[in-house]
Amino acid sequence: IKGHASGDPFSSYLFILCVKGLSMLIKDAERKDELHGVKICTDGPVVFHLVFADNSLLFFRADVREAVVVRKILDEGLKNDVISLLGVTRGNGGGKHLGLPSSVGRSKKAIF
């Protein structure tokens, strides 16, 4: 998200809001039977996503229908529900995180 640097106290709150919005949208898709997560064992919970400070993992069936649902959540859902509410815009990926470029093209040797 453009305009908020890593280490800025506001970034933590922004991260929490976005993750909460993402979780709610995923749960909504689960209730509508549009997404199916994974189970590690028979009696374990179904896992749809894991979110870390610098990474997120989404779990769903490898089919076009579920991929479209996830894409819709990421493109439309977060933008409409969280990002527009906060009045911020998406960055162009040209920033840096922990001193490394946040977006890397095909030539990784040149970047690093």
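Residues numbered from 1 in each chain as written. Predicted model: local features only at pLDDT ≥ 70, side-chain atom pairs only at ≥ 80, totals over all residues. Heavy atoms only, no water.

Draft legend 1. Local environment of unusual backbone geometry. The phi angle at Asp33 is positive, at roughly 60 degrees, despite the residue not being glycine. Structurally, Asp33 is set in the loop between α1 (9-31) and β1 (38-39). Among the residues examined, Asp33 registers a relative accessible area of 48% and is labelled partly exposed. (Helix = DSSP H or I, 4+ residues; strand = E, 2+ residues; numbered from the N terminus. Buried < 20%, exposed > 50% of the residue type's maximum accessible area, 1.4 Å probe, protein only.)

Draft legend 2. Layout of the nonpolar core. Listed in full, the nine residues of the largest apolar core are Leu22, Leu25, Ile26, Ala29, Leu35, Phe48, Val69, Val70 and Ile73. Listing elements by their share of this core, those giving two or more residues are α1 and α2 (64-86). Broken down by element, this core gets its largest block of residues, four residues, from α1. (Core = buried A, V, L, I, M, F, W, Y, C linked by side-chain atoms within 4.5 Å.)

Draft legend 3. Examining the pattern of salt bridges more closely. As enumerated under the stated definition, the model contains three salt bridges in all. Close ionic contact of Arg31 with Asp28 constitutes a salt bridge, the shortest N to O distance being 3.8 Å. Of the two residues, Arg31 and Asp28 are both situated in helix α1; the distance of three residues between them amounts to about one turn of the helix. Residue Asp28 is joined to Lys32 by a salt bridge in which the shortest nitrogen-to-oxygen separation is 3.2 Å. (Salt bridge = Lys/Arg side-chain N within 4 Å of Asp/Glu carboxyl O.)

Draft legend 4. Region of the structure containing the side chain of His49. When you line up the elements, His49 lands in strand β3 (residues 49-51). A distance of 2.8 Å separates the side chain of His49 from the side chain of Ser23, its partner in a polar contact. Apart from residues lying up to four places away in sequence, His49 is in contact with Ser23, Ile26, Leu57, Leu58 and Phe59. (Polar contact = N/O pair within 3.5 Å; in protein donor to acceptor, adjacent residues only side chain to side chain. Contact = heavy atoms within 4.5 Å.)

Draft legend 5. Layout of the confidence of the model for the chain. Of the residues in the chain, 58% have a pLDDT of 70 or more, and the chain-wide mean is 75. Put simply, strand β5 (residues 96-97) is where the chain has its lowest mean pLDDT, 63, and strand β2 (residues 46-47) is where it has its highest, 90. (pLDDT = per-residue confidence, 0-100.)

Draft legend 6. Layout of the side chain of His36. Position of His36 among the secondary structure elements: in the loop between α1 and β1. A polar atom in the side chain of His36 sits 2.9 Å from the side chain of Asp33. Only 2.5 Å separates the side chain of His36 from the side chain of Glu66, close enough to count as a polar contact. The residues contacting His36, other than those within four sequence positions of it, are Phe48, Phe59, Phe60, Arg61, Arg65 and Glu66.

Draft legend 7. Quick look at the environment of Phe48. Mapping Phe48 onto the fold places it in the loop between β2 and β3. The class for Phe48 is buried, based on a relative accessible area of 10%. The spatial distance from the C-alpha of Phe48 to the C-alpha of Leu58 is 5.9 Å, given a sequence separation of ten residues. Here Phe48 is in contact with Ile26, Glu30, Leu35, His36, Gly37, Leu57, Leu58 and Phe59, once residues within four sequence places are set aside.

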